[in-house]
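Structural characterization, general
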Amino acid sequence: METFYDCIPCFIKQTLDVSRMSSPENEKLHGEILKQAMQEILNLEMSTPPPVVASRLHRIIKKMTGNYDPYKVVKDRFNNEALDLYDDLKRLIEDSARPFETAVKIAIAGNIIDFGHMPTTQDFDLKKSVKEVLEQNPVINHIDYLKENIDKAKKILYIADNTGEIVFDRVFIEYIMPKKIIYAVRKYPIINDANYEDAEYVGLTDIVKVIDNGTDVPGTYLQECSLEFKKEFDSADLIISKGQGNYETLGDEDYNIVFLLRAKCLCVSRDIGCKLNDIVVISKKYVKAAV
């Protein structure tokens, strides 16, 4: 797995972007935030996963600006835009000759909504972007392994990623077996990651049990997760993990995890063995067993 040193330029840029978003027109404060952020980076171990570094920098920004959810407007926007696509996404599965594969690709397509990797000011056409992803095929495709494990699992932990994207998760979950799924979100606001209120807003709490992981890390850093989450994690027969942040924090864990994501940075694509913007359905447990 890559170290956070590979991501330092991105961290510095995001720190400035978010501090300006949180407290517009206060350049002096932005400079002080950047100084503290850079000192925090210097004090961290090189092995620290990038999502953990991000959480530390965002804590500095939140404390110094008093804005504890700077992405709130963005999150609400994409929850609503994704809900507008809900009926169309359901029809794609209904009309598909391979509905399970289509449902999986829909879940991955939602992973394009990630403001940890693009500015909130970017002109972003969700419908067009999703269409482009759905036209791709996973370059690493352990979809048969995923289906086999979904069918035989008694308990599935589904770890969410971003707002908006969670609507795509809902479509996938409704196609498979929601009664044996526990859906996990972040506890505290961090970038545009999903919290409980987002899951409730898009209707997920009506179909599955939703828990939070107890942290503000934009990933699943088990060392800081709540006891409730760890209990569900340890007892799950299958873990479905969405997005890069979860891959960066769970990629080396020895559990039955299937990662669904789009590779949106070179560090992650190199670690997986794919190209930038490729989509993957990958189980490292399956890879080890096949060797």
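Each remark here, short or long, concerns the structure printed above.
About the thresholds
- Residues numbered from 1 in each chain as written.
- Predicted model: local features only at pLDDT ≥ 70, side-chain atom pairs only at ≥ 80, totals over all residues.
- Heavy atoms only, no water.
- Phe/Tyr/Trp six-rings, centres within 6.5 Å; stacked < 30°, edge-to-face > 60°.
- Helix = DSSP H or I, 4+ residues; strand = E, 2+ residues; numbered from the N terminus.
- Buried < 20%, exposed > 50% of the residue type's maximum accessible area, 1.4 Å probe, protein only.
- Lys NZ or Arg CZ within 6 Å of the ring centre and 35° of its normal.
- Salt bridge = Lys/Arg side-chain N within 4 Å of Asp/Glu carboxyl O.

**Considering the packing of aromatic side chains**
Enumeration over the complete set of coordinates arrives at 7 aromatic pairs. An angle of 50° between the planes, with centres 5.2 Å apart, marks the rings of Tyr145 and Tyr286 as tilted. You can see Tyr145 sitting in helix H7 (residues 143-152) and its partner Tyr286 sitting in helix H13 (residues 284-290), a full 141 residues away along the chain. The class for Tyr286 is partly exposed, based on a relative accessible area of 36%. With centroids separated by 5.0 Å and ring planes inclined at 75°, the aromatic side chains of Tyr247 and Phe259 adopt a geometry described as edge-to-face. A residue pair is termed long-range when its members are at least 10 positions apart, and Tyr247 in helix H11 (residues 243-250) and Phe259 in strand E6 (residues 257-262) qualify at 12 residues. Classification of Tyr247 as buried rests on a relative accessible area of 0%. Take Phe259: its relative accessible area is 2%, and that puts it in the buried class. Among the aromatic residues, those joined into a cluster by ring pairs are Phe100, Tyr158, Phe172 and Tyr183. Seen from the ring of Phe100, Lys147 lies directly overhead, with NZ or CZ sitting 5.8 Å from the centre.

**Here we look at the pattern of salt bridges**
In this structure the tally under the stated criterion is 26 salt bridges. Across the pair Arg56 and Glu224 runs a salt bridge whose closest N-O atoms are separated by 2.3 Å. Placement of Arg56 in helix H3 (residues 50-65) and of Glu224 in the loop between strand E4 (209-212) and helix H10 (227-235) is noted, with a sequence separation of 168 residues between them. A relative accessible area of 15% places Arg56 in the buried class. With relative accessibility at 28%, the residue Glu224 sits in the partly exposed group. We note a salt bridge from Glu148 to Lys152, for which the minimum N-O separation is 3.7 Å. Taken together, the positions of Glu148 and Lys152, both in helix H7 and 4 residues apart, correspond to about one turn of that helix.

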